[in-house]
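Analysis of the macromolecular model
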Amino acid sequence: MARQRSIISLLLVLLATFLISCGSPTTAVVPPTYTAAQLEKIQGYAPDIQAVRDRADELKNLIQKKEWIKVGNFIHGPITEARLNMTYITPNLLPKDQPTARQITKDLLNHLVKIDQAASVGNSPLALNNYQAAVADIDKFVQLLPDTSSQSEEG
């Protein structure tokens, strides 16, 4: 009888050891990072967005001069292309940044529509207010982009 108790105790110890070792791992979770393919896609589109941001003063001058046809051309040309590039970049951002990027892109579209509507009726103050908001949207989006200068120097 004592022998059976020892064997049963040994089996229970082995079973407990096995169950504990099969528990969830306690390894540290690595924070998400960008893959080389994601960085490459972002690097392909980001310069175009920055170029439009650098040209934003042109739109302001067109609004101030009330050159509404040129305002519409600028909105439907370079800025819309930059917005399209923003939508291409968004899926390549970190998962935590993607919802913010989508919202910024939607906000930019809304501001562009309001500029276009203001241009159609010749409302300079409304167009300028939405111009400033659109530029702020582009700036917010650019801040979400990873700094790829150090990776391109290493590679």
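Residues numbered from 1 in each chain as written. Predicted model: local features only at pLDDT ≥ 70, side-chain atom pairs only at ≥ 80, totals over all residues. Heavy atoms only, no water.

A look at the overall build of the chain
Check the secondary structure of the chain and you find seven helices and zero strands. In sequence order, the chain lays out its α and β elements as α-α-α-α-α-α-α. Of all 155 residues assigned to the chain, the portion counted as buried reaches 32%. Summing over all exposed atoms, the chain offers an accessible surface of approximately 10200 Å²; the carbon and sulfur share of this is 58%. (Helix = DSSP H or I, 4+ residues; strand = E, 2+ residues; numbered from the N terminus. Buried < 20%, exposed > 50% of the residue type's maximum accessible area, 1.4 Å probe, protein only. Areas by Shrake-Rupley, 256 points an atom, 1.4 Å probe, with all protein chains shown as cover.)

What to know about the packing of aromatic side chains
As enumerated under the stated definition, the model contains one aromatic pair in all. Summarising the aromatic geometry, the rings of Tyr45 and Tyr88 are spaced 5.1 Å apart at their centres and angled 45 degrees between planes, so their arrangement reads as tilted. In this pair, Tyr45 is assigned in helix 2 (residues 36–54) and Tyr88 in helix 4 (residues 68–89), connecting sequence segments 43 residues apart. (Phe/Tyr/Trp six-rings, centres within 6.5 Å; stacked < 30°, edge-to-face > 60°.)

Comments concerning the packing of helix 3 (residues 56–64) against helix 4
Put simply, helix 3 and helix 4 touch, their axes get as near as 8 Å, and they point 160 degrees apart. Compared by their axis directions, helix 3 and helix 4 come out roughly antiparallel. Seen from above, helix 3 lies across helix 4 with left-handed handedness. Residues Glu58, Leu59, Leu62 and Ile63 of helix 3 form the contact with helix 4, whose own contacting residues are Trp68, Lys70, Val71, Phe74, Ile75 and Ile79. Partitioning the contact of helix 3 with helix 4 into residue classes produces eight nonpolar, no polar and two charged. (Axes fitted to C-alpha atoms, helices over the stretch in contact; angles between N-to-C directions. Parallel < 35°, antiparallel > 145°, perpendicular 65-115°, else oblique. Left-handed = near helix turned anticlockwise from the far one by under 90°. Contact = heavy atoms within 4.5 Å. Nonpolar A, V, L, I, M, F, W, Y, C, P; charged D, E, K, R; others polar.)

Overview of the environment of Ala82
Inspection of the secondary structure puts Ala82 in helix 4. Spatially, the C-alpha atoms of Ala82 and Ile138 are 8.9 Å apart, while their sequence positions differ by 56 residues. Those residues within four positions of Ala82 in sequence are excluded, and the remaining contacts are Ile49 and Val52.

Observations concerning the side chain of Asn130
Secondary-structure assignment places Asn130 in helix 6 (residues 124–144). Sequence-distant contacts of Asn130, that is, excluding residues within four places in its chain, are made with His111, Lys114 and Ile115.

Here's the deal with unusual backbone geometry
Even without glycine at this site, Lys66 takes up a positive phi of about 60 degrees. Topologically, Lys66 is positioned in the loop between helix 3 and helix 4.

Observations regarding the confidence of the model for the chain
Put simply, the chain has an average pLDDT of 87, and 88% of its residues get 70 or more. This model gives residues 150–155 a pLDDT under 50, and the stretch forms two contacts once residues within four places in sequence are excluded. (pLDDT = per-residue confidence, 0-100.)

Points about helix 5 (residues 98–121)
In this model, helix 5 (24 residues) spans 35 Å end to end at C-alpha, consistent with the 34 Å of a helix rising 1.5 Å per residue. For helix 5, the set of buried residues is Gln98, Ala101, Ile104, Thr105, Leu108, His111, Leu112, Ile115, Ala118 and Ala119. On its buried side, helix 5 packs onto helix 3, helix 4 and helix 6. (Expected span 1.5 Å × (residues − 1).)

Description of the pattern of salt bridges
Evaluation of the coordinates by the stated rule reveals five salt bridges. Measuring nitrogen to oxygen at the nearest pair gives 2.6 Å for the salt bridge that ties Asp139 to Arg53. A residue pair is termed long-range when its members are at least 10 positions apart, and Asp139 in helix 6 and Arg53 in helix 2 qualify at 86 residues. Relative accessible area serves as the criterion here: at 27%, Asp139 is assigned to the partly exposed category. Linking Lys70 and Glu67 is a salt bridge whose minimum nitrogen-to-oxygen distance equals 3.3 Å. Taking the relative accessible area as the measure of exposure, Glu67 reaches 28% and is therefore partly exposed. (Salt bridge = Lys/Arg side-chain N within 4 Å of Asp/Glu carboxyl O.)

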